Amino acid sequence: MLRYLRGTVLKKGPSSAVLLVGGLGFEVACPATTLGGLKEGQEAALYTRLIVREDDLSLFGFADEESLELFELLLSVSGVGPRVALSLLSSHTPALLARALAEGDLRLLTAAPGVGKKLAERIALELKGRVPAHLLGQGGGLVRNSQTEEAELALIALGFREGQVRSVVAEVARKYPGASTQELIKLALKALR
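Right, let's walk through the structure included here. Remember, predicted model here, so these are calculated numbers, not experimental data.

1. Brief notes about helix α2 (residues 65-75)
Part 1: For α2, every residue scored as buried is listed here: Ser 67, Leu 68, Leu 70, Phe 71, Leu 73, Leu 74 and Leu 75.
Part 2: Where α2 is buried, its residues meet β4 (43-53), β5 (56-62), α3 (82-91), α4 (94-103) and α6 (117-127).
Part 3: The N-cap of α2, judged by a side-chain oxygen 3.3 Å from the amide nitrogen of Glu 66 a few residues on, is Asp 64.

What follows is the structure, encoded as C-alpha cells:
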C-alpha cells in the first residue's frame, strides 16, 4: 500500500495535485489545507491512503500524519466516504476537527460542504470516545471568548464560510493568546487569503 510519497509537484488543480515520483505521475486528491501548501515545481511530501474499489483506484494525500489519521477515522463511519472526509478536512484544521469530533460539535461539522445534520449526528455518535488524545492537541478545549466570537462574526459578514472562519480564528487565537478583536481579524484575513 502507498503510505508516503515524496516528489515534485507537476500540476495543481482545485481538488488534487500530480506528484512526479521517480518518473511516474501520481494524481493525489488532497484537502484544501494540504493543497494550499503545495507549489508547482517544488518538492513535496505527502502521507497517503490508497482506496481500491472495483472500478477505481484513488490516492488521497495529506501534509501530516494527523490529517491522514483523521481521514481514516472518518472513513470508519457508515455513510462517510472519501469526498465527505476530504470536505471536513478542507473546512477545518486537524486539531479543530478532532475537537469537534470529540465534543460532538454539530454546528462545526455541518459547516463543511456535503455534511448535513443527520450525517453530522451519525459522525458524532459513532466517533464518540474514539478520537485519540494525541489528535486533540495540547490546548484542551477550543479557545473561545468575546474577541474570537466578534472576529468570527466580522469575517462571516465579509462573506467567508463559517467553518473555515472558526478554524482559522481558533488557530490564530492559539498562536496569539492576547490578541484583540482587530488583531485577530487582520491575522485571520491574512490566513484566509
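From this point, things continue past the structure.
2. Focus: helix α9 (residues 181-192)
Part 1: Along its 12 residues, α9 runs 16 Å from first to last C-alpha, staying within 8% of the 16 Å computed at 1.5 Å per residue.
Part 2: Taken residue by residue, α9 has Thr 181, Leu 184, Ile 185, Ala 188, Leu 189 and Leu 192 as its buried positions. Taken end-on, α9 shows its buried residues confined to a sector of 130 degrees, consistent with a single buried face. Residues Gln 182, Lys 186, Lys 190 and Ala 191 are exposed on α9 and point more than 90 degrees away from its buried face.

3. So, the pairing of strand β2 (residues 16-21)
Part 1: Summarising the sheet, strand β1 (residues 4-12) and β2 pair through four bridges and their orientation is antiparallel. Following the sheet pairing, Thr 8 is matched in β2 by Leu 20.
Part 2: The antiparallel pairing of β1 with β2 creates a hairpin that spans three residues between the two strands.
Part 3: Judged from the six bridges that link them, β2 and strand β3 (residues 24-29) form a sheet pairing that is antiparallel. Bridge pairing links Leu 20 to Gly 25 in β3.

4. Quick notes on the packing of aromatic side chains
Part 1: Enumeration according to the criterion identifies three aromatic pairs in this entry.
Part 2: Ring geometry for Tyr 4 versus Tyr 47: centroids 5.2 Å apart, planes at 65 degrees, classification edge-to-face. Of this pair, Tyr 4 sits in strand β1 while Tyr 47 is found in strand β4, placing the two residues 43 residues apart along the sequence.
Part 3: When its relative accessible area of 26% is taken as the criterion, Tyr 47 is described as partly exposed.
Part 4: Both rings, one in Phe 60 and one in Phe 71, keep their centres 5.2 Å apart while their planes meet at 35 degrees; by these two values the pair is tilted. Of this pair, Phe 60 sits in strand β5 while Phe 71 sits in helix α2, placing them 11 residues apart in sequence. Residue Phe 60 shares its accessibility class with Phe 71, and that shared class is buried.
Part 5: Through successive ring pairs, a cluster of aromatic residues spans Phe 60, Phe 62 and Phe 71.

5. Some remarks on the pattern of salt bridges
Part 1: Overall, the coordinates contain three salt bridges when judged by the stated rule.
Part 2: For Glu 72, the salt bridge identified is with Arg 3, shortest N-O distance 2.7 Å. Note that Glu 72 is positioned in helix α2 and Arg 3 in the segment before β1, a separation of 69 residues in sequence.
Part 3: Of the residues examined, Glu 72 reaches a relative accessible area of 26% and is grouped as partly exposed.
Part 4: For the salt bridge of Arg 6 with Glu 43, the shortest nitrogen-to-oxygen distance reads 2.8 Å.

Analysis parameters
- Residues numbered from 1 in each chain as written.
- Predicted model: local features only at pLDDT ≥ 70, side-chain atom pairs only at ≥ 80, totals over all residues.
- Heavy atoms only, no water.
- Buried < 20%, exposed > 50% of the residue type's maximum accessible area, 1.4 Å probe, protein only.
- Helix = DSSP H or I, 4+ residues; strand = E, 2+ residues; numbered from the N terminus.
- Contact = heavy atoms within 4.5 Å.
- Polar contact = N/O pair within 3.5 Å; in protein donor to acceptor, adjacent residues only side chain to side chain.
- Expected span 1.5 Å × (residues − 1).
- Arc of directions from axis to C-beta.
- Pairing = 2+ DSSP bridges.
- Phe/Tyr/Trp six-rings, centres within 6.5 Å; stacked < 30°, edge-to-face > 60°.
- Salt bridge = Lys/Arg side-chain N within 4 Å of Asp/Glu carboxyl O.

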